[in-house]
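# Per-entry structural report
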Amino acid sequence: MTANPKGPANMTKTGMIDFRGVNKWFGALNVLKDITLSVEPREVVVVCGPSGSGKSTLIRCVNGLEAIKDGDLVVDGQRLGDPATNMTQLRTEIGFVFQSFNLYPHKTALENVTLAPIHVRKIPRTEAEKAGRELLAKVGLADKVNAYPAQLSGGQQQRVAIARCLGMRPKIMLFDEPTSALDPEMISEVLDVMVAVAEEGMTMMVVTHEMGFARKVAQRVVFMDAGAIVESGTPDEFFSHPRTDRSRAFLSKILRH
Amino acid sequence: MIWQQLQSLAGSYPLALRGLGMTVVLSLISLVLGTLLGFGLGILRTGGNRLVGSVIGAWVDLIRGTPFLVQIFLIFFILPELGIELDAFTAGIIALTNLAACFICEIVAAGIRSVPTGQVEAALASGLSRWHRMRQVVLPQAMRIVLPPLVGQYVLLIKDSSVVSAIGLTDLTRVGWLVVQRVPNGLLVFFLVGVGYFIVCYPLIMLARRLERRMGAAHGEVQL
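Quick summary incoming for the structure in this document. (Residues numbered from 1 in each chain as written. Chains lettered and ligands numbered in written order. Predicted model: local features only at pLDDT ≥ 70, side-chain atom pairs only at ≥ 80, totals over all residues. Heavy atoms only, no water.)

A few words on the overall build of chain B. Within chain B, the regular secondary structure consists of nine helices and zero strands. In sequence order, the secondary structure elements of chain B are arranged as α-α-α-α-α-α-α-α-α. Overall, chain B is about 75 × 50 × 25 Å in size when its C-alpha atoms are taken along their principal axes. Taken over 224 residues, chain B has a buried fraction of 45%. (Helix = DSSP H or I, 4+ residues; strand = E, 2+ residues; numbered from the N terminus. Buried < 20%, exposed > 50% of the residue type's maximum accessible area, 1.4 Å probe, protein only.)

Rendered as structure tokens:
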């Protein structure tokens, strides 16, 4: 896990998520600039940077919620945009946690968790419900199995959303600012669940400014600005010895609070 | 004189019942078919294929922008010229179904568009197929927007069915025309015709109102 994704150790093997010279535009705006980044299996990478720097776009590309313009993006051995790649199939291997939770409001917590296992994985309902209850218990919501999202707090909703992803037994989990929409007192309950998922060896890309989380479980922090990866290193290197002016400016802003 | 007229009206009641039956059958068949077709069109319209979407859009605009009487004449009198012979009942069903489908298409499309994109993204991200995304995630949420105006539209379409009397179908309105020739009291006869329509429509009006109230409450509750 070196700071340099093109280092000798990575020459032969390909990562779980491999960006090679990826570019993306929104109209004339170059939102991703020549991104090269490789995430190894079981690695946890935290992506941070000022708002509008392209970090959300970066992870939304990984499961094809955004299409890339040029370059290569290979996820779990499959090239995105390749006609041979079955995107729906690939997405079943990738969990995605949204900033705004996006739970299905008309379904209970348990139904949110079991929907995809039942309809995509074709797991029998009773079995899926058993697994769903276990997952909800694991994220500390055993007593909220039959609650609707509107009856849950933000932190609880986000934990259901994480359980919903885990229900598919994904190889990769992507988190798009999972705690940004939460009241401060609810942040830690969500981070605790994320730490537990990371410690089980999940491959994760996490867009977040939660430095405690980064220090605890991330092998690497990637700092983005204006669509480009400016700096990449271990959490300790990055937070203690940022190498660029832009990352120093960014850190001084988020650390002041 | 009024006594005589009433007696004569009472004698017409089997005819009136037939007319009411025709109105109900026509409405029922075309509303069921129109609802199915309308949902299909609404889903296709919002489905992302721009060509399909704009073809449906153009057709819906055309139907919504022309009088129903003209449409029914075109189907009943012009299609036979092209070699498609239709009896009045079939022509009536086709015209009403098409009209219903077009209005319902717009209602359904509006409902689907009202579902937040985050919902579709969540469904996409978990690998749900297009069918399951629609069936499990989008449509159930669209329905709370769709249901009240849908039932309201049913009321309008039942009343529009009176136009089929123009091609000789003996529905409630045409019964009125027939009876008024024997009982020269247009006010009374068509008052009764109106009552007939109202009896069919009023339960639906009540249903629409109840749905609106219920959906309104549920929406506030479900708001994220």
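Moving on from the coordinates now.
Next up on the list: the packing of aromatic side chains. For any pair of aromatic rings, the description consists of the separation of the ring centres together with the inter-plane angle of the planes. Residue and element names in this part refer to chain A. Under the counting rule described, the total for this entry stands at eight aromatic pairs over all chains. Arranged with centres 5.3 Å apart and planes meeting at 70 degrees, the rings of Phe238 and Phe239 form a pair that is edge-to-face. Residue Phe238 is classed as buried on the basis of its relative accessible area of 1%. These aromatic residues form a ring-pair network of at least three members: Phe223, Phe238, Phe239 and Phe250. (Phe/Tyr/Trp six-rings, centres within 6.5 Å; stacked < 30°, edge-to-face > 60°.)

We now examine the nonpolar core. Core analysis: the biggest nonpolar cluster contains 48 residues, and Leu136(A), Ile162(A), Met173(A), Met204(A) and Phe213(A) have the highest contact counts within it. Top element by residues in this core is helix H6 (residues 184-199) of chain A. It accounts for nine residues. Residues in contact with Leu136(A), not counting those within four places in the same chain, are Ala109(A), Leu110(A), Val113(A), Leu141(A), Ala142(A), Val145(A), Val160(A) and Ala163(A). In this structure, Ile56(B), Ala95(B), Val146(B) and Leu169(B) belong to the second largest nonpolar core, which totals 44 residues. (Core = buried A, V, L, I, M, F, W, Y, C linked by side-chain atoms within 4.5 Å. Contact = heavy atoms within 4.5 Å.)

On to a positive patch on the surface, then. Residue and element names in this part refer to chain B. Residues Arg209, Arg210, Arg213 and Arg214 make up a contiguous surface patch of positive charge. Turning to its location among the elements, Arg209 is positioned in helix H9 (residues 186-222). Residue Arg209 is classed as partly exposed on the basis of its relative accessible area, which comes to 47%. (Patch = residues over 30% accessible without salt bridge, like charges linked within 9 Å, V, L, I, M, F, W, Y side chains within 5 Å. Areas by Shrake-Rupley, 256 points an atom, 1.4 Å probe, with all protein chains shown as cover. Salt bridge = Lys/Arg side-chain N within 4 Å of Asp/Glu carboxyl O. Lys, Arg positive; Asp, Glu negative; His and termini not counted. Charge placed at Lys NZ, Arg CZ, Asp CG, Glu CD.)

Time to look at the pairing of strand S2 (residues 29-39) of chain A. Residues and elements named next belong to chain A. Relative to S2, strand S1 (residues 17-26) runs antiparallel, the two being bridged by seven bridges. Along S2, the bridge assignment pairs Ile17 with Val39. With antiparallel pairing between neighbouring strands as the criterion, S1 and S2 make up a hairpin whose turn holds two residues, including Gly27 at a positive phi of roughly 60 degrees. (Pairing = 2+ DSSP bridges.)

Further remarks concern the interface of chain B and chain A. With 18 residues of chain B in contact, the opposing surface of chain A contributes 25 residues. For the pairing of chain B and chain A, the buried interface totals around 1,800 Å² over both sides, and the portion due to carbon and sulfur atoms is 62%. Counting the contacts that link chain B with chain A gives one salt bridge. Counting across the interface, chain B meets chain A through eight residue pairs in polar contact (both at pLDDT 80 or more). Mapped by element, the contributors of at least two residues to the side of chain B that touches chain A are helix H6 (117-125), helix H7 (130-160) and H9 of chain B. Of the residues forming the side of chain B that touches chain A, the biggest block, seven residues, is contributed by H6(B). (Buried area = accessible area lost by both parts, 1.4 Å probe. Polar contact = N/O pair within 3.5 Å; in protein donor to acceptor, adjacent residues only side chain to side chain.)

All right, on to the environment of Gln157(A) then. Residue and element names in this part refer to chain A. Secondary-structure assignment places Gln157 in helix H5 (residues 154-166). Residue classification places Gln157 among the buried residues on the basis of a relative accessible area of 6%. In the structure, Gln157 is positioned 48 residues away from Ala109 in sequence and 8.3 Å away in space, judged by C-alpha atoms.

Moving on: unusual backbone geometry. Residues and elements named next belong to chain A. Residues other than glycine seldom take positive phi values, yet Arg42 does so here, at roughly 70 degrees. Looking at the secondary structure, you find Arg42 in the loop between S2 and strand S3 (44-48). Even without glycine at this site, Asp76 takes up a positive phi of about 50 degrees. The class of Asp76 is partly exposed, set by a relative accessible area of 23%.

Another point: the side chain of Gln141(B). One can find Gln141(B) in helix H7. Here the side chain of Gln141(B) touches Gln119(B) through a polar contact of 2.8 Å, side chain to side chain. For Gln141(B), the side chain forms a polar contact with the main-chain oxygen of Val137(B), separated by 3.1 Å. Among all residues touching Gln141(B), those that are not within four sequence positions of it are Pro105(A), His106(A), Val115(B) and Gln119(B).

Strand order across the open sheet formed by four strands is S2-S1-S4-S5 (chain A), with antiparallel pairing between neighbours. Here the strands that pair on one side only, and so sit at the sheet edges, are S2 and strand S5 (78-79) of chain A.

In short, geometric facts, not functional conclusions.
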